[in-house]
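In case you want the letters, here they are:
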Amino acid sequence: MTDALNTVFSNSLCSYRCSDTQSQSQRPARTPHSGEGSSSSPPVNMDLKAVIELMETGEQDTALRALLDYNHQMNQCFTFKKEDEHERQHLGELVLDYLSMELQPSCLLACLETVRILSRDKCCLDPFTSRSAMSILARYAGIAVSGTATHTNSQSMEDQGDREGEQTPGGSNEVLRTSCPPLENSDQEVIIEALMSICNLLLHSEMAQVVAADLQLIIGVAQRLKQCYDPTWNHKVRFFDLRLTFLLTATRVDVRAQLARELHGISLLANQLDATLGLCWPDSLETGRAGFEGVPPEELPPLSRQQTELAMEILKTLFNITFDISRRKVDEEEAAAYRHLGAILRLCLMSHADGEERTEEFHSHTVNLLGILPLPCLDVLLKPKVLQGSVEYMGVNMDAVNMLLGFMEKKLDHGNKLKETILPSMNLLTESARIHRETRKFLRSKVLPPLRDVQNRPEVGNELRNKIVRLMTHIDTDVKACAAEFLFVLCKESVSRFIKYTGYGNAAGLLAARGLLQGGRDPGIYSEDEDSETEEYREAKARINPITGVVEEEQSNPMDGMTEEQKEYEAMRLVRMFNKLSRNNIIQPMQLGMDGKMREMTPEDLQNQAHNPLFQSEDQGHSDSEEEA
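Residues numbered from 1 in each chain as written. Predicted model: local features only at pLDDT ≥ 70, side-chain atom pairs only at ≥ 80, totals over all residues. Heavy atoms only, no water.

**With respect to the overall build of the protein chain**
Link 1 in the chain: Helix and strand counts for the protein chain come out as 27 helices and 8 strands.
Link 2 in the chain: Within the span of the protein chain, comprising 629 residues, buried residues form 51% of the whole.
Link 3 in the chain: Once local pairs closer than 6 in sequence are excluded, the contacts in the protein chain between residues at least 24 apart make up 76%.
Link 4 in the chain: Carbon and sulfur atoms make up 49% of the accessible area of the protein chain, which amounts to about 29,900 Å² in all. (Helix = DSSP H or I, 4+ residues; strand = E, 2+ residues; numbered from the N terminus. Buried < 20%, exposed > 50% of the residue type's maximum accessible area, 1.4 Å probe, protein only. Contact = heavy atoms within 4.5 Å. Areas by Shrake-Rupley, 256 points an atom, 1.4 Å probe, with all protein chains shown as cover.)

Below you can see the structure in the form of structure tokens.
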């Protein structure tokens, strides 16, 4: 399960191209604010050196015209010419010099937009990854922390020579952990541009990641995240706050731990989900969407695109700070927070977005997070009362479990990247079935109904059981182990029942790993329930081949008509063939040990087989020259 989690974690980070891609695709080119600057005419194309020459004049109006033209040309550019690297770095330094001064709003916005564009270039990030440069950007983003930020009006030109490698003076213990007050009359577009620039830098530069952690940017952004119910902040500010939080926690283990523990990240982000989805709480562990109380899940309107975007960023960040929770025990307070979060995640699972593709993505992030919550907290999936239209089993609301099962089957039918898509949901269902009797019985009724088809192999067919049995021989060992474990738990870890539904050949891998090839049952706490047999199965039971799990046509015995001496000769010849193949390292013979697990057969073991009294009469007179593989 750990490998699957790491895969999901890596894929979440790699899914970004540039942090400002999504926003900029719908944003028109900038124009100066009315009454500021002197350019109302359309921009004229100019080369990079001309832009730099105009910037070096130090005049804001001239610089503004040059930057507006450059930004207009490069707004949708994500690849850069290598021969212009030096000029782009120089332009970045000049823009930072302007940002260290008092600027008119239109010039400030143009400078930040230029930084955002230049920060897409992985090869020219040096001017922006110093402590002083990151402090300036954090200040404009409104997330600078007192004691770490460099004030924009006190930045001197002398700082540029030593931007690389600066350290926090006095150590982290001297940092005053409160965010700086926001800029006066702060323009939210300024905040957005600065946030996008920082996100790009974190995505492309390890140095920027180190500096961002050193500047305690997570504290500043967490302060604004606490204002999730405040309508002051528009969607883009909230979105890029969350994206920045995701990138900080994805790239820095220390920031991950800081957010989770010191800043109470679970509760903080759960409140973000609450505010984003507009939740109400009829009960302490039962939630719904405000204004739609009592409405069946299938009749709820889809979430808006903005709601889904924010929710997915929150879910990915929550995954970052909780994905190792299964490796340690949680106290009572943490368990309460996770159960509260689990109730929200249940609602996410039952909600739909605007479009099937986005709904699947939304549900994928929800399932990834549900799969790493502490197991005792998963009972919240079964807490809601049974309503009209709910899926009920044994008096319990199975809407969430049924949705998980349908989600897993849909991913299974897609067949793409099974390790990343199937394992989270299948692991979640396996563990839920292991600890909740009602869940296990419901899943068994759906996946392993009473067996009637005894003519086709277990892996042949389009039923869910057939699809999962096929996974038991998948090339990926994690996938086949997970599929086998799921069915084994649904069989209450009974070897005979497991073989009945899968066939001994498909089941051998799991049974060998657990030392159960001789039969028996794994220790486990399961309730007693009948193993109902259908009339079809009962009639064919004696004729079913346990290896394949189906009734096969009777085959003639190849040893019919042989004398006992001939049988002994063929058996001895087979032993010698195995011995020769083993000596040549072509095969590795195995045998069942006393512990029920397979162990290697040594040449001595094969020799002992050859000297078995059964074969001694035929042992003489046969040389290796008679052996033919």
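Resuming the write-up.
**Quick look at the side chain of Glu 85**
Link 1 in the chain: With respect to the element layout, Glu 85 can be found in helix α5 (residues 85–99).
Link 2 in the chain: With a relative accessible area of 19%, Glu 85 lands in the buried category.
Link 3 in the chain: With near-sequence residues (within four places) excluded, Glu 85 lies in contact with Cys 123 and Cys 124.

**Quick notes on the nonpolar core**
Link 1 in the chain: Within the largest apolar cluster, 155 residues are counted, with the highest numbers of intra-cluster contacts made by Leu 91, Leu 99, Leu 273, Phe 486 and Phe 498.
Link 2 in the chain: The leading source of residues in this core is helix α8 (residues 188–204), at 10 residues.
Link 3 in the chain: The residues touching Phe 486, leaving out its near neighbours within four places in the chain, are Met 408, Met 426, Leu 429, Thr 430, Leu 443, Val 447 and Ile 468. (Core = buried A, V, L, I, M, F, W, Y, C linked by side-chain atoms within 4.5 Å.)

**Comments concerning the environment of Gln 272**
Link 1 in the chain: Inspection of the secondary structure assignment puts Gln 272 in helix α13 (residues 265–277).
Link 2 in the chain: In contact with Gln 272, other than residues within four places in its own chain, are Leu 225, Cys 228, Arg 238, Leu 242 and Ile 314.

**Things to note about helix α7 (residues 131–141)**
Link 1 in the chain: Across the 11 residues of α7, 11 count as buried, placing the element largely inside the fold.
Link 2 in the chain: Every buried residue of α7 is listed here: Arg 131, Ser 132, Ala 133, Met 134, Ser 135, Ile 136, Leu 137, Ala 138, Arg 139, Tyr 140 and Ala 141.
Link 3 in the chain: Downstream of α7 by one or two residues, Gly 142 has phi in the positive range, about 75 degrees.

**Examining a nonpolar patch on the surface**
Link 1 in the chain: A cluster of nonpolar residues, Met 590, Leu 592 and Met 598, forms a patch on the protein surface that exposes about 240 Å² of accessible area.
Link 2 in the chain: Along the polypeptide, Leu 592 turns up in strand β7 (residues 590–592). (Patch = residues over 30% accessible without salt bridge, like charges linked within 9 Å, V, L, I, M, F, W, Y side chains within 5 Å. Salt bridge = Lys/Arg side-chain N within 4 Å of Asp/Glu carboxyl O.)

**What about the pairing of strand β2 (residues 286–289)?**
Link 1 in the chain: Residues of β2 alternate between two faces, with Glu 286 and Gly 288 on one and Thr 287 and Arg 289 on the opposite face, all of them buried.
Link 2 in the chain: As paired elements, strand β1 (residues 279–283) and β2 share 3 bridges and run antiparallel to each other. By the bridge assignment, Leu 279 is partnered in β2 with Arg 289.
Link 3 in the chain: Turn length for the β1-β2 hairpin, with the two strands adjacent in sequence and antiparallel, is 2 residues. (Pairing = 2+ DSSP bridges.)

**Here we look at the environment of Leu 510**
Link 1 in the chain: Inspection of the secondary structure assignment puts Leu 510 in helix α24 (residues 504–514).
Link 2 in the chain: Leu 510 sits in the buried class, given a relative accessible area of 11%.
Link 3 in the chain: Measuring from C-alpha to C-alpha, the distance between Leu 510 and Glu 485 comes to 7.5 Å, with 25 residues separating the pair along the chain.

**A few points about the pattern of salt bridges**
Link 1 in the chain: Under the criterion given, the structure shown has 22 salt bridges.
Link 2 in the chain: Salt-bridge contacts for Asp 121 lead to Arg 88; the nearest nitrogen and oxygen are separated by 2.8 Å. Within this pair, whereas Asp 121 is found in the loop between α6 (105–118) and α7, its partner Arg 88 is found in helix α5, the two being separated by 33 residues in sequence. Exposure class is identical for Asp 121 and Arg 88. Each is buried.
Link 3 in the chain: As a salt-bridge pair, Lys 419 and Asp 478 come within 2.9 Å of each other at their nearest N and O atoms. Placement of Lys 419 in helix α18 (residues 418–421) and of Asp 478 in helix α22 (residues 477–490) is noted, with a sequence separation of 59 residues between them.
Link 4 in the chain: Taken together, the shared-partner salt bridges in this structure form one network comprising Glu 431, Arg 434, Glu 485, Glu 493 and Arg 514.

**Details of the packing of aromatic side chains**
Link 1 in the chain: Enumeration over the complete set of coordinates arrives at 4 aromatic pairs.
Link 2 in the chain: Geometrically, the ring pair formed by Tyr 393 and Phe 442 is edge-to-face, given 5.7 Å between the ring centres and 65 degrees between the ring planes. Linking Tyr 393 in strand β3 (residues 392–393) with Phe 442 in helix α20 (residues 437–447), this pair joins segments that are 49 residues apart in sequence.
Link 3 in the chain: According to the relative accessible area criterion, Tyr 393 is partly exposed, its value standing at 25%.
Link 4 in the chain: Positioned above the aromatic ring of Phe 292, the side-chain terminus of Arg 289 is 5.5 Å from the ring centre. (Phe/Tyr/Trp six-rings, centres within 6.5 Å; stacked < 30°, edge-to-face > 60°. Lys NZ or Arg CZ within 6 Å of the ring centre and 35° of its normal.)

**Re unusual backbone geometry**
With the exception of glycine, the majority of residues adopt a negative phi angle, and the majority of peptide bonds are in the trans configuration.
Link 1 in the chain: In the Ramachandran plot, His 264 falls in the positive-phi region, its phi being about 55 degrees despite a non-glycine side chain.
Link 2 in the chain: Mapped onto the fold, His 264 is located in the loop between α12 (253–262) and α13.
Link 3 in the chain: Among the residues examined, His 264 registers a relative accessible area of 51% and is labelled exposed.
Link 4 in the chain: A positive phi angle is found at Asn 585, which is not glycine, with a value near 60 degrees.
Link 5 in the chain: Residue classification places Asn 585 among the exposed residues on the basis of a relative accessible area of 69%.

**Digging into the confidence of the model for the protein chain**
Link 1 in the chain: This prediction gives the protein chain a mean pLDDT of 81; 76% of its residues lie at or above 70.
Link 2 in the chain: Element-level mean pLDDT values for the protein chain span from 48 in helix α2 (residues 21–24) up to 97 in helix α9 (residues 206–214).
Link 3 in the chain: A low-confidence stretch, residues 149–185 (pLDDT under 50), is modelled with 64 contacts involving residues beyond four sequence positions or located in other chains.
Link 4 in the chain: Per-residue pLDDT stays below 50 along residues 613–629; that stretch engages in 29 contacts with residues further than four places along the chain or on separate chains. (pLDDT = per-residue confidence, 0-100.)

**A word on the packing of α6 against α8**
Link 1 in the chain: Closest axis-to-axis distance for the α6/α8 pair is 8 Å, and the angle between their directions is 20 degrees. By the angle between their axes, α6 is roughly parallel relative to α8. Of the two elements, α6 crosses α8, and the hand of that crossing is left-handed. Contact with α6, carried on its side by Leu 108, Leu 109, Leu 112, Glu 113, Val 115 and Arg 116, involves Glu 189, Val 190, Glu 193, Ala 194, Met 196, Ser 197 and Asn 200 of α8 and no other residues of that element.
Link 2 in the chain: When its residues are assigned to classes, the contact of α6 with α8 shows 7 nonpolar, 2 polar and 4 charged. (Axes fitted to C-alpha atoms, helices over the stretch in contact; angles between N-to-C directions. Parallel < 35°, antiparallel > 145°, perpendicular 65-115°, else oblique. Left-handed = near helix turned anticlockwise from the far one by under 90°. Nonpolar A, V, L, I, M, F, W, Y, C, P; charged D, E, K, R; others polar.)

**A short note on the environment of Leu 347**
Link 1 in the chain: Within the secondary structure, Leu 347 sits in helix α15 (residues 332–350).
Link 2 in the chain: The class for Leu 347 is buried, based on a relative accessible area of 8%.
Link 3 in the chain: Separated by 70 residues in sequence, Leu 347 and Leu 277 place their C-alpha atoms 9.4 Å apart.
Link 4 in the chain: Here Leu 347 is in contact with Leu 277, Leu 279, Thr 287, Gly 288 and Arg 289, once residues within four sequence places are set aside.

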